[in-house]
Structures are given as structure tokens and as C-alpha cells.
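The primary structure of each chain is shown beneath.
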Amino acid sequence: MKVVLGVAGGIAAYKACSLLRLLSEAGHDVTVVPTASALHFVGEATWSALSGKPVHTDVWSDITEVPHVRIGQEADLVVVAPATADLLARAATGQADDLLTNVLLTARCPVVMAPAMHTEMWEHPATQANVATLSERGVHVVPPASGRLTGQDSGPGRLPEPEDLFAICQRELSHPGASPTSHAGARASGAAGGVSADASLKSRGDLEGRRVVVSAGGTREPLDPVRYLGNRSSGKQGYALAAVAVQRGADVTLVTTSGLPVPPGATAVHVETALEMQAAVREAAASADVVVMAAAVADFRPAQVAAHKIKKTHGPDADGAADDSAPTVALVRNPDILAGLVAERGGASAPVLVGFAAETGDGTGSVLEHGRAKLARKGCDVLVVNEVGAGVTFGKDENTVHVLRRGSEQVLDVGPATKTTVAGAVWDVVSDLL
Ligand code: C5P
């Protein structure tokens, strides 16, 4: 397929090199069209060498070939990554002052734009209005990821990982217009241009109109006002699930123990303990189409929570001596939130219930065998089994999973892949069930 890779002038231009490689390795004929300012970040020689073609930024080169018309007309897909605030503005107003904007005006194929910029620029009403205009015209605008930006700042504005953009491009090429889309009706609120959680990222994806609940992070079970029993879950996989669901049009409630930045467009409910998580998940699940339990919920909690910090020494005993023996912590079982949802749903098919299971293979069975047994035991519809072990999964950006469906022998193996790619695969399976 003929793919045009437009690159605007942002620091994330370097990531477009990886996207170019992925597209070329998949057999596509890629023409790179950078803007003049993109060449400040990655030079012409790099683009020419990686694509094996000459690279132009203006309409005056090879004028007899009329490339500004031909490149756009012949393309099967145009992807702009990164799309800067300036490029979005020029595209939204139909300007044609360089080769890339000319290509965008002549292309009749699917167009994907992946904005990347500082959070303030992304949230500014002008940028949001341009994104809304482009979305309404059918451009697939991929919401930026949240996280560390160029300087010390962090927030929404990062270019998604090249593998994730590649997956979106492949989906657009195989099902034009069907993949998760953009920000129709994007709106910014407030003088500073803050974006309201529920209105800013409505899209026309396959989860449009669906209410989904995602739990994320590890619960913290207090021992006293200072200490808790916890686990190593970072919440990253749950956040990726929430972000991708927003991109695909869902109305997302994220019940979380994590302090990670909330994906733009999701509504977060912050909780700490398993009991708090259960209450929040149950409330949101009452009107949900899907509940994904990605959280690592503690199976036990301390039977008693001390009102004051437990001291190293426990005060004088009967003989008047301080007791410095270690206290014993009694534990009680936490409810299994997922099992509770399965029971409450009874025989109904809604909401679709998705569980996660961290497994290691051992003498009694493989990761998959343990996963199948757990799926049967839990009674949920989908079980995402991830392999855990030393240094694997927890806190990392990559994951390797096997997605199992109740009543099906088929297994979807995903990864090692970014947690965003894993999230996309999980929503593909859920979308099928819906
Ligand atoms: O049985 P196991 O803890 O491995 O099951 C994991 C799945 O069950 C996850 O989806 C997790 O969110 C959920 N779970 C739960 N309540 C618990 C423990 C786990 O909902 N108390």
C-alpha cells in the first residue's frame, strides 16, 4: 500500500523514524513528507535513507511531476506523526503553504493525525477547536498519550508509541474508517483552556456509546494511619485500557489507587482499599456495559486498623518493662470484587466481565493451564493472563498476555508489546462480545 508519512516540526519527530521502519517492514511503499521545521529535528538525509526516496518539503521540487497533487491522490493512507499545533491549525483551515498541507488537501484516503505538543498547547481552545474540525471531516485524530514531555513537565501531549501508531495505520488500511477515531465535538472549558473530562474526547470508535469501568492499581490495606499492606502493581495496564477505551469512543470510569495522570477523557474515582474499590466498582457497574478488573486487589486486609501509629515498643507490661516484641498482624479475607460481579449478574450477559490474572508456570501446570482453570473458577467472560516473574510486567511499559474467552478454545497471544497494544487487543475481544 502507498503510505504518506507526514512529519511536523516537533521533538517527537524522532519517533516517526521507528514508525517509518515498521511501515516499510510491513511492505508498504512509504513517502515521507516532512515540514521544513521537522528537518530541524530529524534531517533530510535520515528520511531519504530510511525511506529510500528523495524527500521534499515544498511544492517547487520536481515541479514537472506535480508531486503536491500526485502524492496525495495516489496515497492509500496519510499519517501525520507528530502533528504539531501549527500543523493542525493549517490543516483545519485548509492552508496549502507547503508540500504536506498540499498532500492533505489532495488526499481522498484515510488520514490519521497524531498530535504531540506541550499540554498547555494541546488543551488550548484553539487547538481543541482545530481537532474538532478535523475530526468532523473524518480525520482520525489519535489522542496524545500522557506522561513525561520534553522538559520537566508531564501531562497529555506525548506522541503515542510507534508500535501503537503502526497498529492504528494497519487497521485504517484494512478497514478504512472503522478503527477507533478522533475527537468529534471536542470542547475546551475555562479561561485557561482546561479540557473537561467527559466532553473533550468523544469519538466515533467501536466502543461509542458504551459505558466501561476499568479498575487499576494495587489496593492499599492500612495497618495504622501510616502503614499499609500493598503490592507492586503500577496501574499502567489499567490506565492504558482506559485511554484506549476513550479513543474508541467509550464513556470510561477509572476506579484507581494509582497517582498516574488520568487519561484525558476518562472520569477517575480514586480509592485506596479493596472495600473502597468494591463500593466504587459496584456503583459504576450498575449502569456499565463492560467492567475490566485490571486492579491487583489484596486478598487479605489487617483485621484491625490501629487508630494511632503502632509503636516499636508497646508500653510497659505488667512488670513495668517496655514490650519490644514484634506485634502479630491478624488478617481477614477481602471480598473478591470480580466474583461478586459475576454472582450479581446471575445469568444475564451484561455487563461483560473481564478479569486479569498474573500467573507463573510451575510443576502443576503452565501459565495457560492455570489461566484456563482460573477462567472457569471465576466465571468471567474474558481472562487476560499475564506472565509474571522477576522483573516482568510490574511497573514496566511492556506486557505479554494470553487472552482467553469463556466457552472458546481459542487463545489470543499478545506481546511482548506495549501496554497500549495489549489494551487494544483486549478491547478487540470485548468489542466482538458486545
Ligand atoms: O484470583 P486472582 O486474584 O488471581 O484474580 C485476579 C482477578 O480478580 C483480577 O481481575 C482482579 O482484579 C480480581 N480480583 C478481585 N477481587 C479480589 C482479588 C482479585 O476482583 N479480592
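In this text the structure is predicted, and so the values were computed from the model without any measurement.

The phi torsion of most residues other than glycine is negative, and most of the peptide bonds are trans. The step from Ala-81 to Pro-82 runs through a cis peptide bond, and the omega angle for that step is -5 degrees. Among the structural elements, Pro-82 can be located in strand β3 (residues 77-83). Residue Pro-351 is bonded to the preceding Ala-350 through a cis peptide linkage, with omega at -5 degrees. You can see Pro-351 is positioned in the loop between α11 (337-345) and β16 (352-359).

Moving on: the side chain of Asp-164. Among the secondary structure elements, Asp-164 is positioned in helix α8 (residues 162-174). As a buried residue without a salt bridge, Asp-164 has its nearest oppositely charged side chain in Arg-171, at a separation of 7.9 Å. At a separation of 2.9 Å, a polar atom in the side chain of Asp-164 contacts the side chain of Thr-418. Among all residues touching Asp-164, those that are not within four sequence positions of it are Thr-418, Thr-420 and Thr-421.

Quick look at helix α4 (residues 85-92) now. Counting buried residues in α4 gives six out of eight residues, a clear majority hidden from the surface. All of the buried residues in α4 are Ala-85, Leu-87, Leu-88, Arg-90, Ala-91 and Ala-92. Positive phi appears at Gly-94, one or two residues downstream of α4, with a value of about 70 degrees.

With that settled, the discussion passes to the packing of helix α1 (residues 13-25) against helix α2 (residues 44-51). Where α1 contacts α2, the two axes come as close as 10 Å, and the packing angle between them is 15 degrees. As far as their axial angle goes, α2 and α1 are roughly parallel. When the axes of α1 and α2 are compared, the crossing they make is right-handed. When α1 is examined against α2, the residues Ala-13, Ala-16, Cys-17, Leu-20, Arg-21 and Ser-24 are found in contact with a partner set consisting of Thr-46, Trp-47, Leu-50 and Ser-51.

An order of β12-β11-β8-β13-β16-β17-β18-β19 is seen for the eight strands of this open sheet, with the pairing classed as mixed. Each edge of the open sheet is held by one strand with a lone partner, namely β12 (267-270) and β19 (411-418). Ignoring which end each strand starts from, the neighbouring axes of this sheet average 20 degrees apart. By the bridge criterion, four bridges tie strand β13 (residues 290-293) to β16 in an arrangement that is parallel. Bridge pairing links Val-291 to Leu-353 in β16. Packing of α11 onto the sheet brings it into contact with β13 and β16, and relative to β16 it is tilted by some 155 degrees.

Moving on, we get to the site of the ligand. Around the ligand there are 13 residues in total, and Met-293, Ala-295, Leu-338, Phe-356 and Lys-374 lie nearest to it. Note that an oxygen atom of the ligand is positioned 3.0 Å from one of the side-chain N or O atoms of Lys-378. In isolation the ligand exposes 450 Å². Once the protein is present, 87% of that is buried. Listed by contribution, the elements that provide at least two residues to the shell around the ligand are α11, β16 and α12 (367-378). Looking at the shell around the ligand residue by residue, the class counts come to eight nonpolar, one polar and four charged.

What counts and what doesn't
- Residues numbered from 1 in each chain as written.
- Predicted model: local features only at pLDDT ≥ 70, side-chain atom pairs only at ≥ 80, totals over all residues.
- Heavy atoms only, no water.
- Helix = DSSP H or I, 4+ residues; strand = E, 2+ residues; numbered from the N terminus.
- Buried < 20%, exposed > 50% of the residue type's maximum accessible area, 1.4 Å probe, protein only.
- Lys, Arg positive; Asp, Glu negative; His and termini not counted.
- Salt bridge = Lys/Arg side-chain N within 4 Å of Asp/Glu carboxyl O.
- Polar contact = N/O pair within 3.5 Å; in protein donor to acceptor, adjacent residues only side chain to side chain.
- Contact = heavy atoms within 4.5 Å.
- Axes fitted to C-alpha atoms, helices over the stretch in contact; angles between N-to-C directions.
- Parallel < 35°, antiparallel > 145°, perpendicular 65-115°, else oblique.
- Left-handed = near helix turned anticlockwise from the far one by under 90°.
- Pairing = 2+ DSSP bridges.
- Near = heavy atom within 4 Å.
- Areas by Shrake-Rupley, 256 points an atom, 1.4 Å probe, with all protein chains shown as cover.
- Nonpolar A, V, L, I, M, F, W, Y, C, P; charged D, E, K, R; others polar.

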